[in-house]
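# Architecture and fold: a report
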Amino acid sequence: MSDEVSSGWELTESDPSVFTELLNTLGVPYIVDDLYSLDPEALSALQPLHALIFLFKWLPSSSEPSSSEGQYDTDFPGFFAQQTVNNACATLAVINALGNIPSLPSGPQLADLMSFTAGMDPQTCGMAVTSADWLREAHNALSPPSSISLDGLGLPKKAEDAYHFVVYIPIMGSVYELDGLKPYPVRHGEYDDSGEGWSKKAREVIEHRIGTYPPGALEFSLLALREDPLPALQKQLEHLQETENHSEATQVLVKVGNENSKRERWAFENSLRRHNHIGLIHALLVALAKAGQLSSATENATNAMRERIARRREMGLGEMDED
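Note that this is a predicted model, so its numbers are computed, not measured. Per chain, residues are indexed from 1 in the order of the written sequence. Only residues with pLDDT of at least 70 get local features here, since the model is predicted, and only at 80 or more are side-chain atom pairs given and counted; chain-wide, interface and lining totals rely on the full set of residues. As a rule here, side-chain values come from all non-hydrogen atoms in the structure, and water together with hydrogens is ignored.

So, about the pairing of strand β6 (residues 186–190). The pairing criterion is simple: DSSP has to find at least two bridges between the two strands. For helices the rule is a DSSP run of H or I covering at least 4 residues; for strands it is a run of E covering at least 2, with both sets numbered from the N terminus onward. With two bridges connecting them, strand β3 (residues 71–72) and β6 associate as antiparallel partners. Across the sheet, the residue bridging to Tyr72 is Val186, located in β6. Relative to β6, strand β5 (residues 174–178) runs antiparallel, the two sharing three bridges. Within the sheet, the bridge partner assigned to Tyr176 lies in β6 and is Arg187.

Now the structure itself:
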């Protein structure tokens, strides 16, 4: 969630490349992938699956969950940190997930943080986590502050939608929801280890939550925290090549190529996020003005935005500002 007071934490995109980069900084050999479906086939393809990170449009609600929304676990034995500053919910969701994965491989800074916060109550733990300068710097690395300030222009302030990250994760035989804005973890009940395992219970909980929003609402994003499949694929490929199993080796080689291509795309996207494009935009606007084309370009952009707003209204989606 965001607000004017963020204690130096910037907004974060719900993008697998951003979360995977954060995991790399934390020394955790996992990745985060987009999840476009909750079908059993889609979830099984991402195994071993450690947690689901859910982004949703935040709406005010009562602090106590209803019976259909799980129950607070006031004696939760695992790691749980409350959100004590704004804009930190993405990284806090990751930390809450990692803190409950047994035998987690991690870098020294994360290991020290987990050791330091052991035994703390949720609020104190959240304050300790969000006070870690190195963690805030890692969080902000791919979400630089805006270089454009609209202060002093007398523009009317408009309320913006707030979005929030939570985690669904299996802990001690039950599926838990770890939401930094809640006082305790929410226990959604036990799951059956056979078949789909914990992901079946998590799917039911998430689908129920999505069902509480208006029909057609699209204010959601789902990410999967999973082990990096590349090392296992490379090892499998080497074995198949040594045994001259060319048919299966070709199939695995395609999977390795897809994973490498994905990482190249992530690296490119993150390089763009690190770059400040304000200078380029300014130069383009100046060039258009000198060529006498700025007015027509502005008009074309305005018309395109009006058409986009009209299409969203026809589809019953949320309103957009013409500005």
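By size, the foremost hydrophobic cluster in this structure holds 42 residues, and its most contacted members are Leu26, Leu98, Val129 and Leu225. Per-element accounting of this core gives the leading share, eight residues, to helix α3 (residues 89–98). Dropping the residues within four chain positions of it, Leu26 is found in contact with Val94, Ile95, Leu98, Ser106, Gly107, Leu110, Trp134 and Leu135. The set of buried Ala, Val, Leu, Ile, Met, Phe, Trp, Tyr and Cys residues whose side-chain atoms join them within 4.5 Å is what this entry labels a nonpolar core. Any residue under 20% of the maximum accessible area for its type is buried, any over 50% is exposed, and the rest in between are partly exposed; the area is computed with a 1.4 Å probe on protein chains only. In terms of nonpolar packing, the next biggest core, distinct from the first, is built from 18 residues, Leu43, Phe56, Val166 and Ile206 among them. Here a residue-residue contact requires only that any non-hydrogen atoms of the pair lie within 4.5 Å.

Let us look at the pairing of strand β1 (residues 30–34). Within β1, four of the five residues are buried, which leaves it mostly tucked inside the rest of the structure. Strand direction decides the pairing type here: β1 and strand β7 (residues 220–227), joined by five bridges, are antiparallel. Bridged to Tyr30 within β7 is Glu227.

From the geometry alone we can't say anything about function, so treat these as descriptive.
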